[in-house]
Each structure stands twice: as structure tokens, then as C-alpha cells.
Amino acid sequence: MEDTNEYIKKAQAVLDANQLGNYTTPNSQIYPHQWLWDSCFVAYGLAEYQPQRAATEINNLLDAQWANGMVPHMILNPTAPHWLGPSFWPSQRSSAAPKHVQTSGMTQPPLLSLAALNTADKLPPAEGKIFLKQTYPKLLAYHQWLYRERDPLQNGLVVLVHSWECGLDNSPPWIEALNKIPNPLWLATFFKLKADKIGIKFRHDTQAIPPHQRLSQTDAVKLLYRAILFRKNRYDSKTQIKKSRWLIEDVTFNSILIAANRALFDIATILGEDLPADLNLRMQKAEQAIEELWDGDTGQYYSRNFRSKKLIKTPSIASLMPLFSGCIDKDRAQNLVSLMGSATKYRPAFPVPSVPLDSPYFDQHHYWQGPTWANANWLLTQGLIRYGYLKEASYLQNQTLRMIEQNGWFEYFSPLSGKGYGANNFSWTAALYIHLARLNIG
Ligand code: 2M8
């Protein structure tokens, strides 16, 4: 058996192969742009051996920051033929978009402050401080944008306008909420005539990867249509929140944001700065507001429909993510750990499946509706460590490493057999392999 160092070298080769100038694509063929949370995960891996490249990765994200503070979820490679390229996202429709680069019009889970703090920690001390000094105002503006434009009720929970923002594109709670909204007549007719099926031949992901492993064509058309509606509103959050019915206070996103708020606070402290009082207040509110997403009957957290204010009680891996926030109490954490250990739900041979095994949605091959993902396992490992569940964290760390070693650098894996699916040579799998392999849980 090859030893861990050999695998780390292979992981580094994956990250090199996917490097494109100042950033690392998730996979150079299937995902030829820069993605926000992918690059944050990549920065965690890079920081272990090339912290300067991790800093460059983060700086490239921040260089595309919009004037209102938003950091876009995709920074586009103008020459790549891809369905979500510059012609799909004419970011110039918003006056807040940067002129020197083309981007998407929405954001993604806000791991940035965490990744920046971790990178600074791995740089030589003086360089780390300079890096934080340069990035702090931008990180601050990003957190301010999230609470100013996405928390309209000022309750501490941020609202997402599209499932691409939560990163778990076709996760059952999001799809279920979407399916409750009637389609306009032309789209309903389109589906009735099965005209959406024609498009699958033109999707470059389904040309390279068996279609049943990818987002279904019906879901893909619906997600594209919802993004186009946001584009029509010039990516203006206020207008979208006023008009759209597909608005969700997402539990994964808000859990990550709470952890990132704490990192932003730490960065401010290192620099001798005080966070603005109103932001501080909202950050405190957020830590209490996550409790509104708790459901006592089923003993887990859920995302909430912003319009109806009802929890979307469809189980998915998102229900476990408040462990990452670090702000829930010990009893709640214990509940989630027990849930994660349940053999009929989240504990197959290669945990943690993106939806529980007993869910009607569960399909071991199908994108965010069953497979195990390295980034979700990494978030949960960090959460378990935060709450002192070291045995459980080591188990998850080991299973994740073995799964990747035995099956390759895939985008996602069967939780039952460990077999890899989706894109191969996937950056966050490689980067998080490196980070997890070096993580000393004790
Ligand atoms: C997937 O999302 C993009 C759209 O943003 C896509 O479907 O093309 C998701 O898995 C997302 O979490 C990820 O960041 C992105 C790139 O890896 O791919």
C-alpha cells in the first residue's frame, strides 16, 4: 500500500493540473471557471505546502468582489466553452459588478474569512499579517453585504435566492420547495412535450459523465430558469427577495456564516480593529437565530422557507451542518452526532451520504441526492472536533481518506461501495485529502 505522502503528492498533481493562472478550477474540463467555495477548500489544501498560492487563490476571489461587497460564486474564464459562461451571466447588468472581470451574479457558502485566517496562519508571520491587512476590508464588506442585503428582517438568518448559492444544487429540501412553485405555462408545456430532454445532449457535463450521475435535465432547466429570473432583476437582492417565491434560509449556509463570523472577529482582533457595532449585533443574533431552524419532534435542524416561515422538513446532510457553526449547545450537538451514527440514515460503509439512506430521494449515484462528498465530510469532521467528539472525527477522517485512496480523486462517491462518480481529478477532493491527511485529531 502506498503511504500517505505518496497520495499527498498525487493530490498536489491534481491541483497543479487544474491550476489556471491565479486560481484552481474544480476540474479543468467539466468546471473551467473559479468557484467560490471550491477555492476556499482548495486554499485549505494549498496552505499545507504552498501558502503563497493559497493566498493568491483567495486574492483572486476578492479581486472579483462587487462594489456592494458581494463575492460572486463564479469568476468566469471567458474562453471556456461552458453552459454557465459569460453569455449566461452578463454580470454587467448590475452596476455593482466589476468591469475588469466577468462573474456570476450570486454568491456561495461564505468560507472566505475562515480560509483567509487559516492561510495567514501558515504564511510566515509578517507575510500573514500583511495578507490579513489587505484582505480584512474586503472580507468585512462581504459579511456586511450578507447581513445588509440578505437579512431583510434583520433576524440574523441570511436568505438565499437560488440553490446554487448553497452549493448543494439539487438537495431535496431545495428541490421540494422549487417543485411547489407552479411553472409558467410555457415552461409547463415545455416539460409536458419533454422538450427539456433535448438539451441534455448539449450539456457538456452529461457528454463526459453518465447523465444519471448528474443533475436531472428537468432540475437543470428549472435552475437555469430561476437564475434567468434573477438576471432579469439585475442581480438585485432586494428586488429578488420582494418578487421571488423560491427563497430559503439555508441551514448549511448560515452555519458556515456563523463560523466565518467568528473568523472575521479573530482577524479583526489580530489587526487591532473593532468590528462595526451593527455587524457585531447581527453576528450575535445569528448565533441565536439558528435555533429557529431546530425541530424538536425530529431532533434535527432544517432550512426554512422564507415566505411561509415553515421549516422544510426534508432530511438531508444540511441538517447536520450546525455542528460546523460551533454555536449550538452540547445537547443539540449530541443529537446530531447520534443521528450521524444511525446505521439506517447516515452511517453506511463510506459516510456521510448527502441524504439519509432511508430517504425516498436516496440514490448512491445522483449528485447531491445520495453520494458522499469530501467537502461535506471535512465540514462535519471540523464540527465533531469543535464539540470534542474526537473518536467520531477520527473515524470520519479515516473513512474519507481510505475512500479517496481506494477509489480516486472523484467529485463524489457511493456511500455504499466507495466507488467514485462525477468528475475525476476534482480539486476539493485533492485539497481536502491533503488537509485531512495532515490533521492531527489526537
Ligand atoms: C456544482 O455547482 C455548479 C453551479 O454552481 C454546477 O452545477 O455547475 C456544485 O456541486 C457546487 O457546490 C460546486 O461549487 C460547483 C463547482 O464544483 O459545482
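Placed above this text is the structure.
Below: a short report on this structure. Owing to the predicted nature of the structure, the values given are computational and were not obtained by experimental measurement. (Residues numbered from 1 in each chain as written. Predicted model: local features only at pLDDT ≥ 70, side-chain atom pairs only at ≥ 80, totals over all residues. Heavy atoms only, no water.)

## Thoughts on the site of the ligand
Taken together, the neighbourhood of the ligand is formed by 15 residues, with Asp38, His73, Gln108, Gly167 and Asp169 sitting nearest. Trp368 places a polar side-chain atom, nitrogen or oxygen, 3.0 Å from an oxygen atom of the ligand. Classifying every residue of the shell around the ligand gives ten nonpolar, three polar and two charged. (Near = heavy atom within 4 Å. Polar contact = N/O pair within 3.5 Å; in protein donor to acceptor, adjacent residues only side chain to side chain. Nonpolar A, V, L, I, M, F, W, Y, C, P; charged D, E, K, R; others polar.)

## What to know about the packing of helix 4 (residues 112–122) against helix 12 (residues 251–271)
Interhelical geometry of helix 4 versus helix 12 gives an angle of 45° and a closest axis separation of 7 Å. Classified by the interaxial angle, the pair formed by helix 4 and helix 12 is oblique. Helix-helix and strand crossings are classified by hand; for helix 4 and helix 12 the assignment is left-handed. Contacts between helix 4 and helix 12 involve Ser113, Leu114 and Leu117 from the former and Ile256, Ala259, Ala260, Ala263, Leu264, Asp266, Ile267 and Ile270 from the latter. Looking at the contact of helix 4 with helix 12 residue by residue, the classes come out as nine nonpolar, one polar and one charged. (Axes fitted to C-alpha atoms, helices over the stretch in contact; angles between N-to-C directions. Helix = DSSP H or I, 4+ residues; strand = E, 2+ residues; numbered from the N terminus. Parallel < 35°, antiparallel > 145°, perpendicular 65-115°, else oblique. Left-handed = near helix turned anticlockwise from the far one by under 90°. Contact = heavy atoms within 4.5 Å.)

## Focus: the packing of aromatic side chains
Remark: the centre distance and the inter-plane angle together describe each pair of aromatic rings, the angle taken between the planes. The full count for this structure, using the stated rule, is 27 aromatic pairs. The interplanar angle of 70° and the centroid separation of 5.9 Å between the aromatic rings of Tyr31 and Phe426 together place this pair among those described as edge-to-face. Placement of the pair is Tyr31 in the loop between strand 2 (23–24) and strand 3 (34–35) and Phe426 in the loop between strand 10 (420–421) and helix 18 (427–438), with a sequence separation of 395 residues. Relative to Trp428, the ring of Phe426 lies with its centre 5.1 Å away and its plane at 85°, an arrangement referred to as edge-to-face. Residue classification places Phe426 among the buried residues on the basis of a relative accessible area of 2%. Its end group placed over the ring of Phe324, Arg386 keeps NZ or CZ at 4.6 Å from the ring centre. (Phe/Tyr/Trp six-rings, centres within 6.5 Å; stacked < 30°, edge-to-face > 60°. Buried < 20%, exposed > 50% of the residue type's maximum accessible area, 1.4 Å probe, protein only. Lys NZ or Arg CZ within 6 Å of the ring centre and 35° of its normal.)

## Looking at helix 15 (residues 330–340)
Listing the buried residues of helix 15 in full gives Ala333, Leu336, Val337, Leu339 and Met340. End-on view of helix 15: buried residues confined to an arc of 160°, all on one side of the axis. The secondary structure elements touched by the buried residues of helix 15 are strand 6 (294–295), strand 7 (300–301), helix 14 (322–325), helix 16 (374–386) and helix 17 (390–407). The N-cap of helix 15, judged by a side-chain oxygen 3.1 Å from the amide nitrogen of Asp331 a few residues on, is Asp329. (Arc of directions from axis to C-beta.)

## What to know about the pattern of salt bridges
Evaluated as defined, the whole model comprises 17 salt bridges. Residue Lys9 pairs with Glu6 through a salt bridge whose shortest N-O separation is 3.5 Å. One end of the pair, Lys9, and the other, Glu6, are both in helix 1 (residues 4–17), three residues apart, so they sit about a helical turn from each other. Residue classification places Lys9 among the exposed positions, given a relative accessible area of 52%. Two residues, Asp151 and Arg282, come together in a salt bridge whose shortest N-O distance is 3.0 Å. Placement of the pair is Asp151 in the loop between helix 5 (125–150) and helix 6 (172–179) and Arg282 in helix 13 (residues 277–289), with a sequence separation of 131 residues. Look at Arg282 and you get buried, because its relative accessible area is 15%. Taken together, the shared-partner salt bridges connect Glu249, Glu292, Arg304 and Lys309 into one network. (Salt bridge = Lys/Arg side-chain N within 4 Å of Asp/Glu carboxyl O.)

## What to know about the state of the cysteines
Should the sulfur atoms of two cysteines be covalently bonded, the bond is a disulfide. For the structure on display, the rule yields zero disulfides. Cys40 carries a free sulfur, and the closest cysteine sulfur to it, the one in Cys166, is 15 Å from it. You can call Cys40 buried: its relative accessible area is 1%. For Cys166, a relative accessible area of 1% corresponds to the buried category. (Disulfide = S-S within 2.5 Å.)

## Concerning the side chain of Gln240
Here Gln240 is to be found in helix 11 (residues 237–243). Given a relative accessible area of 3%, Gln240 falls into the buried group. Beyond its immediate stretch of four places on either side in the chain, Gln240 contacts Val161, Leu229, Phe230, Asn233 and Leu247.

## Let's talk about the environment of Thr400
Residue position: Thr400 is located in helix 17. C-alpha separation for the pair Thr400 and Trp373, spaced 27 residues apart in sequence, amounts to 8.9 Å. Apart from residues no more than four positions distant in its own chain, Thr400 is found in contact with Asn377 and Leu436. Within polar-contact distance, the side chain of Thr400 engages the side chain of Asn377 at 3.1 Å.

## Thoughts on unusual backbone geometry
Backbone phi values are negative for most residues with the exception of glycine, while trans is the configuration of most peptide bonds. Here the residue pair Pro351 and Val352 is connected by a cis peptide bond, since its omega of 5° sits within 30 degrees of zero. Looking at the element boundaries, Val352 is found in the loop between helix 15 and helix 16. We note that Gln154 has phi near 55°; this positive angle belongs to a residue other than glycine. The class of Gln154 is partly exposed, set by a relative accessible area of 45%. Residue Tyr367 is not a glycine yet carries a positive backbone phi of 50°. With respect to the helices, strands and loops of the structure, Tyr367 is situated in the loop between helix 15 and helix 16. Taking relative accessible area as the criterion, Tyr367 reaches 7% and is therefore assigned buried.

## A few points about the packing of helix 17 against helix 18
Helix-helix packing is described using two parameters, namely the angle between the two axes and the distance between the axes. Look at helix 17 against helix 18: their axes get within 10 Å of each other, and the N-to-C directions meet at 135°. With respect to each other, helix 17 and helix 18 are oriented oblique. Between helix 17 and helix 18 lies a crossing of left-handed hand. Across the interface between the two elements, Gln397, Thr400, Leu401, Ile404 and Glu405 from helix 17 touch Thr429, Tyr433, Leu436 and Ala437 from helix 18.

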